[in-house]
Amino acid sequence: MTAASTLILVVEPSVMAILVWLFFGFGLVGTEAGRRALVDEKARARIGPFLRQLRRGNVDGYVWLLRTLADVEGLPRWSRRRGRITLDAIAADEQLMNGLLVHCRRRQISVAAFADRLGRWGAGVLVPPLASLHPDGRVREAAVVAMARRLRTAHVPFLIERAVDWVPEVRTAAHAVLKAELGQHPGLLPHARVAYARVSRRKHAPAVARLLGL
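Before going further, it helps to spend a moment on the overall build of the protein. Along its length, the protein carries 13 helices and zero strands. Reading the protein from its N end, one meets helices and strands in the order α-α-α-α-α-α-α-α-α-α-α-α-α. Across the 214 residues of the protein, 50% fall into the buried class. Split by element, the accessible area of the protein, about 10,800 Å² in all, is 55% carbon and sulfur.

Next comes the structure, spelled out in structure tokens:
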């Protein structure tokens, strides 16, 4: 099955191929920690180029991606490492992130499946960042608070987006998280500054620039 899914990657470089490889390829992975790390690295190397094919304007592609990621969230907790790897790849791809953010802002794609799971016991790492793109400001604020509980580098672009939110309560929450986390983990600052370039012309950007020392 792994060989077949790898062949799909070569013949049809699409988001579906990535996730087929993630689902079936990871099924044969052992539990030994060193082996996991090696597989994780290989997965990142494989999925990155294919995820980069998703661009702003491909609404159907983003709809499919979100639906598939919602399915990942429904897997047993031990399987959700696949979601973490995919989230890292998404956050690292500027063009893919641009499309995701724009289409969510325009309400052309839905993150309702992730918002519904926000706050539930056992919710995976994909839930808070994707729920932070929900049209309801109360959901976005709750998602920001949830990201703060176990912040990952991949959350930073989503927090920067919320730091220029049109709802004051959401902005305040995002600023508080960024200030606390950047103070404790200065290594996040370069990632935050890269993400800031995307929002630098937005109405509330100057306050974020001051927070980032720009």
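For helix H11 (residues 168-184), spanning 17 residues, the distance from its first C-alpha to its last is 24 Å, which sits close to the expected 24 Å at 1.5 Å a residue. Along H11, the residues that are buried comprise Val170, Arg171, Ala173, Ala174, His175, Val177, Leu178, Glu181 and Leu182.

This part covers the pattern of salt bridges. Under the defined criterion, the tally for this structure stands at six salt bridges. The partner of aspartate 88 in a salt bridge is arginine 152, with the nearest N and O atoms 3.0 Å apart. Highlighted residues: aspartate 88 in helix H5 (residues 81-92) and arginine 152 in the loop between helix H9 (137-149) and helix H10 (156-162), separated in sequence by 64 residues. For arginine 152, a relative accessible area of 24% corresponds to the partly exposed category. What emerges from the salt-bridge pattern is a single network uniting Arg105, Glu161 and Arg202.

Let us look at unusual backbone geometry. Phi angles above zero are rare outside glycine, and arginine 107 is one such case at about 60 degrees. Structurally, arginine 107 can be placed in the loop between helix H6 (94-105) and helix H7 (112-117). Assessed through its relative accessible area of 60%, arginine 107 is described here as exposed.

Here the focus is the nonpolar core. Within soluble globular proteins, side chains that are nonpolar generally end up buried alongside one another. The biggest cluster of nonpolar side chains holds 52 residues, and the ones touching the most others in it are Leu100, Phe114, Leu130, Leu133, Phe158 and Ile160. Of all the elements, helix H4 (residues 59-73) adds the most residues to this core, at six residues. Discounting residues that sit within four places of it in the chain, leucine 100 has contacts with Tyr62, Leu66, Ile90, Ile109, Leu130, Leu133 and Phe158.

So, about helix H12 (residues 189-199). Among the residues of H12, those classed as buried are Ala192, Ala195, Tyr196 and Val199. Looking down the long axis of H12, one finds its buried residues gathered within 115 degrees of arc, a one-sided arrangement. Set apart from the buried face of H12 by more than 90 degrees, the exposed residues are Val194 and Ala197. Its buried side turned inward, H12 meets H10, H11 and helix H13 (205-211).

Before going further, it helps to examine the confidence of the model for the protein. Here the protein averages 77 in pLDDT, and 70% of its residues register 70 or above. Across residues 1-40, where pLDDT falls below 50, the model places 60 contacts with residues more than four positions away in sequence or in other chains.

Here the focus is the packing of aromatic side chains. In this structure the tally under the stated criterion is zero aromatic pairs. Positioned above the aromatic ring of tryptophan 166 is the side chain of arginine 140, whose terminal nitrogen or guanidinium carbon lies 4.3 Å from the ring centre.

What follows concerns the side chain of glutamate 161. Here glutamate 161 lies in helix H10. If near-sequence neighbours (up to four positions away) are discounted, glutamate 161 is found in contact with Leu101, Arg105, Val199 and Arg202.

In this section: the packing of H9 against H11. Closest axis-to-axis distance for the H9/H11 pair is 9 Å, and the angle between their directions is 10 degrees. As the angle between them shows, H9 and H11 are arranged roughly parallel. Within the contact between the two elements, H9 uses Gly137, Arg140, Glu141, Val144 and Ala148 and H11 uses Glu169, Val170, Ala173, Ala174, Val177 and Glu181. When its residues are assigned to classes, the contact of H9 with H11 shows six nonpolar, one polar and four charged.

This part covers the environment of serine 200. Turning to its location among the elements, serine 200 is positioned in the loop between H12 and H13. For the pair serine 200 and valine 164, spaced 36 residues apart in sequence, the C-alpha separation works out to 9.2 Å. Within polar-contact distance, the side chain of serine 200 engages the backbone oxygen of alanine 197 at 3.3 Å.

About the criteria used
- Numbering of residues begins from 1 in every chain and follows the order in which that chain's sequence is written.
- Local features are withheld for residues below a pLDDT of 70 in this predicted model, meaning they are given only at 70 or higher, and side-chain atom pairs are given and counted only at 80 or more; totals for whole chains, interfaces and linings count all residues.
- Excluded from the side-chain calculations are hydrogens and water; all other atoms, namely the structure's heavy atoms, are used.
- Each helix is a run of DSSP H or I of at least 4 residues and each strand a run of E of at least 2, with the numbering of both proceeding from the N terminus.
- In this scheme, a residue with accessible area under 20% of its type's maximum is buried, one over 50% is exposed, and one in between is partly exposed, where area comes from a 1.4 Å probe on protein chains only.
- We get accessible surface area from the Shrake-Rupley algorithm with a probe of 1.4 Å; when it comes to residues, only the shown protein chains can shield them.
- One less than the residue count of a helix, multiplied by 1.5 Å, gives the span that helix is expected to have.
- Criterion for a salt bridge: a side-chain nitrogen of Lys or Arg within 4 Å of a carboxyl oxygen of Asp or Glu.
- For this analysis, a nonpolar core means a set of buried residues of the types Ala, Val, Leu, Ile, Met, Phe, Trp, Tyr and Cys, connected via side-chain atoms within 4.5 Å.
- In this description, contact between two residues means that some pair of their heavy atoms is separated by no more than 4.5 Å.
- Here the arc refers to the set of directions running from the helix axis out to each C-beta atom.
- On a range of 0 to 100, pLDDT expresses the predictor's confidence in each residue.
- Two aromatic rings from Phe, Tyr or Trp, using only the six-membered ring of Trp, form a pair when their centres are within 6.5 Å; if the ring planes differ by under 30 degrees the pair is stacked, by over 60 it is edge-to-face, and anything between is tilted.
- For a Lys NZ or an Arg CZ to count as sitting over a ring, it must be within 6 Å of the ring centre and within 35 degrees of the ring normal.
- Angles run from 0 to 180 degrees between N-to-C directions of axes, and those axes are lines fitted to C-alpha atoms, restricted for helices to the stretch in contact.
- Working definition: roughly parallel below 35 degrees, roughly antiparallel above 145 degrees, roughly perpendicular at 65 to 115 degrees, and oblique for all remaining angles.
- In this classification, the charged set is Asp, Glu, Lys and Arg, the nonpolar set is Ala, Val, Leu, Ile, Met, Phe, Trp, Tyr, Cys and Pro, and all remaining amino acids, among them Gly, are polar.
- For the purposes of these results, a polar contact is taken to be a pair of N or O atoms within 3.5 Å, where, inside protein, one atom must be able to donate a hydrogen and its partner to accept one; residues adjacent in sequence count only when each atom of the pair is a side-chain atom.

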